[in-house]
Amino acid sequence: MKFYNLLLGAIVALPVLNSGPLLATECSFPRMEPLERSDGTEYRFVDSCGKLYEVGYRMEGNTLYFPKGGKHTLPEANAEEAERVLRETYGLVGEREHLIRTKMF
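Residues numbered from 1 in each chain as written. Predicted model: local features only at pLDDT ≥ 70, side-chain atom pairs only at ≥ 80, totals over all residues. Heavy atoms only, no water.

### Let's talk about the state of the cysteines
No. 1: Inspection of every chain in the model, using the stated rule, returns one disulfide.
No. 2: In this model Cys27 forms its disulfide with Cys49; the gap between the sulfur atoms is 1.9 Å. Residues Cys27 and Cys49 share a disulfide whose torsion about the S-S bond is about -105 degrees; that sign makes it left-handed. Here Cys27, found in the loop between helix H1 (2-17) and strand S1 (35-37), pairs with Cys49, found in the loop between strand S3 (44-46) and strand S4 (52-60); they are 22 residues apart in sequence, far enough to count as distant. (Disulfide = S-S within 2.5 Å. Helix = DSSP H or I, 4+ residues; strand = E, 2+ residues; numbered from the N terminus.)

The structure is reproduced here in structure tokens:
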């Protein structure tokens, strides 16, 4: 009986131990737009899961535009393929005109 209770306890605890980090889609983003300050613009914030995220990204065609002026273009890809690859690479969520980056390298 002792072995059975020990085994049952391990089985019940297993899902809690393996729950892993929350996905970006399960976290909320308090700020969706850059914050203008007297000393510059702030793009990085902390989501409801305690992880950094960055606002101000947008996608046009096969190009991702960064909030501070840079861009990443996939010239060999069509718009749909580029969007899929760039969303996965940068952890982008949201609409193409107002993307939020959830993967920080």
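Continuing now.
### Topic: the nonpolar core
No. 1: Tyr57, Met59, Leu64, Phe66, Leu74, Ala77, Ala82, Leu86, Tyr90, Leu92 and Leu99 form the largest nonpolar core, which has 11 residues in total.
No. 2: For this core, the element with the most residues is helix H2 (residues 79-90), which contributes three residues.
No. 3: Apart from residues lying up to four places away in sequence, Tyr90 is in contact with Leu64, Phe66, His72, Arg101, Thr102, Lys103 and Phe105.
No. 4: With six residues, the next largest nonpolar core counts Phe29, Phe45, Val55 and Ile100 among its residues. (Core = buried A, V, L, I, M, F, W, Y, C linked by side-chain atoms within 4.5 Å. Buried < 20%, exposed > 50% of the residue type's maximum accessible area, 1.4 Å probe, protein only. Contact = heavy atoms within 4.5 Å.)

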